[in-house]
Amino acid sequence: MNILRKIKGIVTIALVVAMSFGMTACSSDQDDSLDGKKYEINLFVAASMSKAMEDLKADFEKENPNITIVINADSSGKLKTQILEGFDSHIFLSASKKEIKELSEKNMTDKDSELDLLENQLAIIAHKDYNGGVKDIATIKNAKSISLAYGSVPVGFYARKAMIKQGILNKEGLDDKAIKKIPGSDVASALGGITISEKDNVSSVLNAVAEKSTEIGFAYTSDVKRNENVKIISKVDKKVSGEITYPIAKITNKELSKDQKKAVDKLYKFLISDKAKKVYEKYGFTAK
């Protein structure tokens, strides 16, 4: 009888321990889940990311029906300014490290979330039927017109930097801030007076070239994936343009509830996942 009692005692203890582990596991699952409410996440992304983000938005919202992603796609410089001005942003994926760095220095990012996510490459693009005299960056003076983003826009900055390195623009020794301020009129003069059509972002450059409003334009290699009416004439060597890195970061927001922060974290983890990286690569980006 004593032996039976001991066995029953051991079994009872084992059941209690098992139930305790089960309750702990359930509690942990609840901690990682949302409360069932609807959440809206504001995702700020560089204009060149717009098509990839449409795919990722659809995939994420299918897996997380209680979370809606609102995408704001524009030039990284403009998005950074909007964040500085207080626009409601939760995650920022920029086409340049400078924007994230500036926000970080103002303690407006979650520093643990800052990550260099993707790479891209500068390219000279033209309409798909183009057969003109521009073959590479050294021969852009043969164009009659060029779409060029403003220097405050990353793709416009990289293009100006490449033209300086190539010797087209006589602006050696300028720092990045000065390069951003080089006006289109200076580029036009350096190229013999051809028409320079300055644009607000890379999507506007892409559309101008696709519609034949300008002969060529400076965009990213990934942009040809977004419009079937354009093609790449020449890729610009990274040694000329500089490395083009796309960093991501969560924007600091002290007013978010615990569950809102969980929703933002879910999206952030999804955007840096291997699954998301396959989508980026589909649209011409290189995952780091």
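Worth saying up front: this structure is predicted, and the values here are computed from it rather than measured.

Asks: Would you mind showing me how to read the environment of Leu267 here?
Replies: Of note, Leu267 is situated in helix 10 (residues 258-271). Counting along the chain gives 224 residues from Leu267 to Leu43, while the straight-line C-alpha distance between them is 9.3 Å. In this structure, Leu267 is in contact with Ile41, Phe60, Ile69 and Ile91, ignoring residues within four places of it in sequence.

Asks: What am I meant to see in helix 11 (residues 274-282) here?
Replies: Working note: α-helix, 3.6 residues per turn, so residues spaced by three or four point in the same direction. Along helix 11, the residues classified as buried are Ala276, Lys277, Val279 and Tyr280. End-on view of helix 11: buried residues confined to an arc of 155 degrees, all on one side of the axis. In helix 11, the exposed positions that point more than 90 degrees away from the buried face belong to Asp274, Lys278 and Lys282. Next to the buried residues of helix 11 lie helix 2 (50-63), strand 3 (91-93), strand 4 (115-120), helix 10 and strand 11 (286-287). The first or second residue beyond helix 11 is Gly284, which carries a positive phi of 95 degrees.

Asks: Quick question: what am I supposed to make of the nonpolar core here?
Replies: General note: in soluble globular proteins, nonpolar side chains tend to be found buried as a group. Counting 76 residues, the largest nonpolar core has Met49, Ile140, Phe218, Tyr246, Leu271 and Tyr280 as the members making the most contacts within it. Excluding its chain neighbours within four sequence positions, the residues that come into contact with Leu271 are Leu43, Met53, Leu56, Ile91, Leu117, Ile248, Ala276 and Tyr280. Grouped together as the second largest cluster of nonpolar side chains are 8 residues, Leu79, Ile83, Leu103 and Ala249 included.

Asks: Hey, could you run me through the packing of helix 2 against helix 10 in this one?
Replies: Helix packing geometry: the angle between the two helix axes and the distance between the axes. Packing of helix 2 against helix 10 brings their axes to within 11 Å, and their N-to-C directions diverge by 130 degrees. Overall, the two elements helix 2 and helix 10 adopt an arrangement that is oblique. Note that helix 2 runs across helix 10; the crossing there is right-handed. Across from Met53, Leu56, Asp59, Phe60 and Glu63 in helix 2, the residues of helix 10 making contact are Lys266, Leu267, Phe270 and Leu271. Grouping the constituent residues of the contact of helix 2 with helix 10 by class yields 6 nonpolar, no polar and 3 charged.

Asks: How do you make sense of the packing of aromatic side chains when you look at a structure like this?
Replies: Within a pair of aromatic rings, the relevant descriptors are the distance that separates the centres and the angle that separates the planes. In total, this model carries 4 aromatic pairs according to the counting rule given. Relative to Phe285, the ring of Tyr246 has its centre 5.4 Å away and its plane inclined at 75 degrees; by these criteria the two rings are edge-to-face. Of this pair, Tyr246 sits in strand 10 (residues 244-250) while Phe285 sits in the loop between helix 11 and strand 11, and the two are 39 residues apart along the sequence. The class for Tyr246 is buried, based on a relative accessible area of 0%. Phe285 gets classed as buried once you look at its relative accessible area, which sits at 3%. Site record: aromatic cluster; members linked through ring pairs are Tyr220, Tyr246 and Phe285. Of note, Lys250 hangs over the ring of Tyr268, and the distance from its end group to the ring centre comes to 5.2 Å.

Calculation criteria
- Numbers given to residues run from 1 along each chain, matching the order in which its sequence is written.
- Two thresholds apply to this predicted model, a pLDDT of at least 70 for residue-level local features and 80 or more for giving and counting side-chain atom pairs, whereas whole-chain, interface and lining totals are computed over all residues.
- No hydrogens and no water enter the side-chain calculation; it runs on all heavy atoms of the structure.
- Starting at the N terminus, helices and strands are each numbered in turn, a helix being any DSSP run of H or I of at least four residues and a strand any DSSP run of E of at least two.
- Contacts are residue-level and defined by heavy atoms, with any inter-residue pair within 4.5 Å sufficient.
- Relative accessibility decides the category of a residue: with a 1.4 Å probe and only protein chains considered, values under 20% of the type maximum give buried, values over 50% give exposed, and everything between is partly exposed.
- Working note: the arc is built from the helix axis to C-beta atom directions.
- Remark: nonpolar core denotes a set of buried residues (Ala, Val, Leu, Ile, Met, Phe, Trp, Tyr, Cys) joined through side-chain atoms within 4.5 Å.
- What counts as an axis is a line fitted to C-alpha atoms, over the stretch in contact for a helix, and the angles between N-to-C directions run from 0 to 180 degrees.
- Angles below 35 degrees are treated as roughly parallel, those above 145 as roughly antiparallel, those between 65 and 115 as roughly perpendicular, and all remaining angles as oblique.
- Should the near helix be turned anticlockwise from the far one by less than a right angle, the crossing is left-handed, and should it be turned clockwise, the crossing is right-handed.
- Under this grouping Gly is polar, as are all residues other than the nonpolar Ala, Val, Leu, Ile, Met, Phe, Trp, Tyr, Cys and Pro and the charged Asp, Glu, Lys and Arg.
- Pairing of aromatic rings covers Phe, Tyr and Trp, the last counted by its six-membered ring, and requires centre-to-centre distances within 6.5 Å; plane angles under 30 degrees mean stacked, over 60 mean edge-to-face, and any other angle means tilted.
- Consider the ring centre and the ring normal. A charge sits over the ring if Lys NZ or Arg CZ is within 6 Å of that centre and within 35 degrees of that normal.

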